[in-house]
Amino acid sequence: STLSRLITLVKEAEAQKSPTQHLTDKFEKYYVPLVLLLVVLLIFSFLVIDETFQQSFYRAMSVLIAASPCALAISTPSAVLAGIARAARHGVLIKGGRPLEDLGGLKAIAFDKTGTLTTGRPTLTHAIPFGDASKSHLLKVAVAVEDLSDHPLAAAIVEGGKKELGNIAIPKAENLKSLTARGIQANWKESLIHIGNRRLFEELTQKKVPEEIDLKMSELESGGHTAMIVHQDDSYLGIISAMDIARPEAVSTLATLKKMGVQRMIMLTGDNQKVADAIAKQIGITDPMGSLLPEDKVNAIEQLKQQVGNVAMVGDGVNDAPAMAKSTVGIAMGAAGSDVALETADIALMADKLDNLPFAIGLSRKAKVIIKQNLIISLGMGALLVPLTILGTIAIGPAVIGHEGSTLVVVLNALRLLKYEIQE
């Protein structure tokens with residue numbers, strides 16, 4: 001149920017402490033016992049120096065208050081919680097402190113194409129018959145087979161094909177089989193139909209596709225169209241193509257990310273490399289990578305991590321989930337994303353707006369600055385108060401004021417994140 005999924009997400013968020021939180025927890029593990037040992041020694045300092053037990057006990061309690069790591073303990077969690085709350089109000093779900101901190105240190109971001117950089121609502125652009133096949137027959141075959149598929153391209157072909165064919169009756173296809181990263185096959189009117197890319201037909205026929213078809217596909221792909229071959233039994237019927245337009249906010253989002261210092265923006269897609277190049281040129285992608293299988297996307301993320309360090313993967317489909325899991329930060333397009341992608345991701349853009357990504361990165365960087373400030377305040381106050389209380393320069397009253405004051409300061413400093421805007 002939705003409620004159980006939300007509970008799971010909250011548990012994940014609680015479990016994913018930030019790197020700084022892990023560091024402070026480790027510090028406190030050794031710091032607290034040392035402070036307690038020091039306090040015990042100070043209680044019995046009257047045995048060594050000329051003072052009463054009451055004076056020694058009073059000094060020990062002053063040191064205990066001054067050295068208590070309350071401000072240190074709250075400095076990171078308060079900033080993380082404020083950052084996550086601010087992100088949620090902006091339509092970004094961040095699952096814990098680790099992704100919040102990691103997001104600000106990204107050197108590269110990899111994007112899936114369909115549904116992430118593009119609208120995910122392609123339209124039929126061409127139906128080109130070859131040989132003795134007619135355009136009407138080509139469209140009938142394509143519509144009948146693609147009507148069984150739930151791929152965005154299939155919906156575009158069915159809608160566009162039916163519009164061109166009008167009220168012509170189309171016999172239904174059956175026995176659809178998906179051929180990963182290659183295409184589909186089905187039975188139609190006692191014929192075996194294949195629709196897919198060059199790789200599919202090179203594997204089926206063990207030879208190159210006809211030169212005429214190859215050249216026409218290349219021409220379409222250079223223009224950003226996704227072209228597919230339609231094959232019936234032993235003959236090529238022709239080519240159908242569809243085109244998915246870029247999201248309106250894609251160009252401005254990538255330009256903003258570039259200004260923010262993201263060195264490389266990579267597009268990972270199963271589409272032909274020429275299609276990837278054409279779309280990348282339109283929107284400002286630095287590294288388009290096409291003709292990728294799901295496992296190829298995972299390998300690409302691993303290579304990027306070795307080359308540049310922290311890498312994010314932004315996607316919306318089941319095929320993107322393995323690459324998102326392998327990346328430093330997995331980011332899902334929320335409303336359009338699959339359940340697997342949303343559950344795998346560290347961050348979800350719930351408003352389905354790509355332009356929320358620069359906001360999330362800017363918020364992460366601001367959160368890291370505030371966490372550092374809080375650590376300096378908390379550790380600095382402890383370093384000041386502990387020696388002064390040991391020497392007896394200040395008593396319990398000023399120690400309480402300094403200690404509790406620093407705790408309030410770090411919390412108030414963290415709450416500044418609730419007012420964060422990207423213009424900062």
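Look a little higher up for the structure.
Parameters and conventions
- Residues numbered from 1 in each chain as written.
- Predicted model: local features only at pLDDT ≥ 70, side-chain atom pairs only at ≥ 80, totals over all residues.
- Heavy atoms only, no water.
- Pairing = 2+ DSSP bridges.
- Helix = DSSP H or I, 4+ residues; strand = E, 2+ residues; numbered from the N terminus.
- Axes fitted to C-alpha atoms, helices over the stretch in contact; angles between N-to-C directions.
- Parallel < 35°, antiparallel > 145°, perpendicular 65-115°, else oblique.
- Contact = heavy atoms within 4.5 Å.
- Nonpolar A, V, L, I, M, F, W, Y, C, P; charged D, E, K, R; others polar.
- Buried < 20%, exposed > 50% of the residue type's maximum accessible area, 1.4 Å probe, protein only.
- Core = buried A, V, L, I, M, F, W, Y, C linked by side-chain atoms within 4.5 Å.

Now for the sheet that holds strand 6 (residues 191-196). With antiparallel pairing, six strands are arranged side by side in an open sheet as 3-8-7-6-5-4. One side of each edge strand has no neighbouring strand; the edge strands of this open sheet are strand 3 (123-129) and strand 4 (174-179). Ignoring which end each strand starts from, the neighbouring axes of this sheet average 20° apart. Strand direction decides the pairing type here: strand 4 and strand 5 (residues 183-188), joined by four bridges, are antiparallel.

Another aspect to go through is the packing of helix 16 (residues 356-390) against helix 17 (residues 396-414). Two elements in contact, helix 16 and helix 17, have axes separated by 9 Å at closest approach and are oriented at 175°. When the axes of helix 16 and helix 17 are compared, the pair comes out roughly antiparallel. The segment helix 16 lies against helix 17, with I370, Q373, N374, I377, M381, L385 and T389 engaging A399, G402, H403, S406, V409, V410, N413 and A414. Residues of the contact of helix 16 with helix 17, tallied by class, amount to eight nonpolar, seven polar and no charged.

A separate point is the pairing of strand 11 (residues 311-315). Burial of strand 11 is extensive: five of the five residues sit out of reach of the surface. Burial along strand 11 is two-sided: the face carrying V311, M313 and G315 and the face carrying A312 and V314 are both buried. Inspection of the sheet shows strand 2 (residues 108-112) paired to strand 11 by four bridges, in the parallel sense. Bridging from a neighbouring strand, F111 pairs with V314 of strand 11. The pairing of strand 11 with strand 12 (residues 329-333) spans four bridges and is parallel. Each bridged residue has a counterpart across the sheet, and for A312 the counterpart in strand 12 is V329.

Quick look at the nonpolar core now. Judged by nonpolar contacts, the single largest core of 47 residues is most densely connected at I109, F111, L257, I285 and I331. A per-element tally of this core places helix 16 first, with nine residues. Those residues in contact with L257 that sit more than four places away from it in its chain are I109, F111, V262, M265, L357, P358 and I361. Among the nonpolar cores identified, the runner-up in size contains 23 residues, and A127, V143, I157 and I193 belong to it.

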